[in-house]
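Single-letter residue listing:
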Amino acid sequence: MRSTYWLLPVLTLLACQPAIEPPVAIEPVPEQKQLDWQDLEFYAFVHFNMNTFTNMEWGFGDESPELFNPTELDCRQWAKVCKDAGMTGIILTAKHHDGFCLWPSEYTEHSVKNSPWKDGQGDVMRELADACEEYGLKLGVYLSPWDRNHADYGKPEYLTYFRNQLRELLTDYGDVYEVWFDGANGGTGYYGGANEERRVDKQAYYDWQNTYPIIRELQPDAVIFSDAGPDVRWVGNEDGHAFRTMWSNLMRDSVYPGMPEYSRKYASGQVDGTHWVPGETNVSIRPGWYYHEYEDHKVRSLPQLVDMYYESIGRNTTWLLNFPVDKRGLIHENDVAQLEKLTEVIKADFAEELAKGNTISASNERGGDYTAAEALDEDPKSYWAAEDGVTEASLTINFDEAVTFNRLLVQENIALGQRVKAFTLEAEMDGSWQEIASETTIGCKRILRLPETTATAVRLNITDAKACPTIANIELYHAPKLLLPPTVVRNKAGELQLQVPEEGVSLYYTLDGTEPGTSATAYTSPVPLPGPATVKAVAVDENTGRTSEVSQVELDVAPTNWKVLNAGTEAEKAIDGLEESWWGSKKEDPVNELTIDLGETLTLRGFTYLPVQSRYFSGLISNYELYTSTDNRNWTQAAAGEFSNIQNSPIWQRVTFEAQPARYIRLKSVATVDGNPPAFAEVGVLTESSAN
Ligand code: FUL
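- Looking at an unreviewed UniProt entry, the protein chain carries the name alpha-L-fucosidase, with the source organism given as Flavilitoribacter nigricans.
- Under the Sequence similarities (unreviewed entry) heading, UniProt states for the protein chain: "Belongs to the glycosyl hydrolase 29 family."

Take a look at the structure:
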């Protein structure tokens, strides 16, 4: 038998080697509940309340509870739809700005208990809590601080009411994972809206420091969302995208909910932020948050939804996607269909991971449990880390055979703090290295959509970090091409144009609302279209026969012969049919209305207004008056009102009124969101044929 005495000193030596310590955390770091929340990744908002029945976005608070009467309310349908899409929770608007409560609160009569629904015995919160439990989803609560119904809003008494309601919601419905506080109202004149003179200084009035402890006491694992935390922060827009640079760090002591400059300055977080306040991207699957029948065909297109996925979950935030549950009390079938398409695309995009099983090496390695291999293994919690003091390092994956990919997924071990400030990705192609991406932050999850790349190796270069970097996971995928539906535009000359960016694609359209397919009219060049029409168009991949989604646009009379009478020719941009061009006057010489000659007398039943579509807009009309005339001398007021929530959701506004003849219209801005002169991207009319 061979002697094994030599083993003893070797083992002793190994045992005496100091264990390799993990990197020291770089503050701020997430609390456990924030880590758990981040893992939820994709969850649903449901905007369903009084507004659903009044066709509003912001109700006034004087609506009768009698109006709340869903005919087929089924929270199990919501839960199933969400579960099938891979969502993990549902946050319900238990009370929106109009103050109506979806649960029978003992502190108000303005609730389901005085509605005809279930003879006043119903409780939507209860039904949702049960449905979530059945489907294994988490339950979240939206309770609007702004309450247009409550007589004491603006006084200290209201805070007691608000806190009592919070207690009810957090006591009676089991575990709640997120409490969502909306920032609307207070501060600026616009947010007060019509029927609301009770402006509040949000920061001082709401006295959050005495509300948060209630949540901590009743639901210690719940995260609290508001514009600026404390646990989860707003992404600063409602169009579904986070930023390429996205820090989960925020100077929470100086950035507070309701700051007017929040969106512009702090939505992407702060590299030196003192607290962990990660972002959440909230957006609706339709233009509005609440259900409006006229948006049934305006459900976000598949490419838009796919963009949102990549620009929220793929940019270090969670994704809170809203469903405007309809008057029946169901997620509308059009929304379900879109969601199913999105689910399919995401499944296809991430069908096969291509990096695992290959060799990986690092330019610097801490060793121990923190080798490069940890970034490629199956364990999402294990991670590679560089040595202390190293802030630049590379991870290289070598393939046995060339691999074609177009997606990179990369994750830091955020439990130790967000560290990476800049990184690049290189690919080895035909023996030489080429940079294919150059980015900033990673955080919990960063996904890049890359050009189609065939490479024998890839290299992730961390070029700057707050401290020695950690990488928990690197993945590569090859996503199939997306077939985009055509964009539909009609110019001022009244010509219909269809476009898609891809090559090798044929376009087909109909003008009568029927479904387009390969038997519809083939589009080859612009088509004259002076009058109203419902345009439906598709793109068909000639090689595979795959068909895109249908694009649908309602057009009224073309503005071919229209003229703006009270401003120069530049103002024609407001009636050129192009959504991206706009007109507005200078501040020094403000023009607050637009008078348009329609060139002929039409029977009008309404008008449309599209505010400026660029992200840094100005002059969005919040309150309007619309006048008509047949002779440009005698004017009749046809409509007046508020464009609710236009700042956060600058979509087409559509106002109908009593049918009347008009050759001239005048859209007058009574107030704009920012006090600047009004700006008009488009103004249109609704004639008898299209106003239904
Ligand atoms: C906004 C609100 O004013 C909208 O109505 C909606 O609830 C959205 C989620 O937040 O600020």
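**Side note on the pattern of salt bridges**
Reasoning step 1: Within the structure shown, the criterion is met by 32 salt bridges.
Reasoning step 2: Asp207 serves as the salt-bridge partner of Arg163, at 3.3 Å between the closest nitrogen and oxygen. Linking Arg163 in helix α6 (residues 156-171) with Asp207 in the loop between α8 (202-206) and α9 (212-218), this pair joins segments that are 44 residues apart in sequence.
Reasoning step 3: For Arg163, a relative accessible area of 16% gives the class buried.
Reasoning step 4: On the accessibility criterion, Asp207 (26% relative accessible area) is partly exposed.
Reasoning step 5: The partner of Arg663 in a salt bridge is Asp597, with the nearest N and O atoms 2.8 Å apart. Remark: Asp597 occurs in strand β28 (residues 593-610) and Arg663 occurs in strand β31 (residues 653-672); sequence separation between them is 66 residues.
Reasoning step 6: Connected via shared salt-bridge partners are Asp307, Glu311, Arg315 and Arg449.

**With respect to the packing of helix α4 (residues 75-84) against helix α5 (residues 124-135)**
Reasoning step 1: Between α4 and α5, whose axes approach to 8 Å, the crossing angle comes to 40°. Here α5 runs oblique to α4, going by the angle between their axes. Handedness of the α4/α5 crossing: right-handed. Residues Cys75, Arg76, Trp78, Ala79, Lys80 and Lys83 of α4 form the contact with α5, whose own contacting residues are Val124, Glu127, Leu128, Ala131, Glu134 and Tyr135.
Reasoning step 2: Among the residues making up the contact of α4 with α5, the classes are represented as seven nonpolar, no polar and five charged.

**A word on the environment of Met56**
Reasoning step 1: Among the secondary structure elements, Met56 is positioned in the loop between α3 (50-54) and α4.
Reasoning step 2: For Met56 and Tyr291, which are 235 residues apart along the polypeptide, the C-alpha to C-alpha distance reads 8.4 Å.
Reasoning step 3: Those residues in contact with Met56 that sit more than four places away from it in its chain are Asn51, Tyr290 and His292.

**Some points on the packing of aromatic side chains**
Reasoning step 1: Counted according to the given criterion, the structure contains 37 aromatic pairs.
Reasoning step 2: Ring geometry for Tyr142 versus Trp180: centroids 5.6 Å apart, planes at 20°, classification stacked. Here Tyr142 is found in strand β3 (residues 138-143), whereas its partner Trp180 is found in strand β4 (residues 178-180), with 38 residues between them in sequence. The same class applies to Tyr142 and to Trp180, which are both buried.
Reasoning step 3: An aromatic cluster of at least three residues, connected via ring pairs, comprises Tyr153, Tyr158, Tyr161, Phe162, Phe181, Tyr205, Tyr206, Trp208 and Tyr212.

So, how was this worked out
- Residues numbered from 1 in each chain as written.
- Predicted model: local features only at pLDDT ≥ 70, side-chain atom pairs only at ≥ 80, totals over all residues.
- Heavy atoms only, no water.
- UniProt positions renumbered as here; feature names shortened; annotations may be inferred.
- Salt bridge = Lys/Arg side-chain N within 4 Å of Asp/Glu carboxyl O.
- Helix = DSSP H or I, 4+ residues; strand = E, 2+ residues; numbered from the N terminus.
- Buried < 20%, exposed > 50% of the residue type's maximum accessible area, 1.4 Å probe, protein only.
- Axes fitted to C-alpha atoms, helices over the stretch in contact; angles between N-to-C directions.
- Parallel < 35°, antiparallel > 145°, perpendicular 65-115°, else oblique.
- Left-handed = near helix turned anticlockwise from the far one by under 90°.
- Contact = heavy atoms within 4.5 Å.
- Nonpolar A, V, L, I, M, F, W, Y, C, P; charged D, E, K, R; others polar.
- Phe/Tyr/Trp six-rings, centres within 6.5 Å; stacked < 30°, edge-to-face > 60°.

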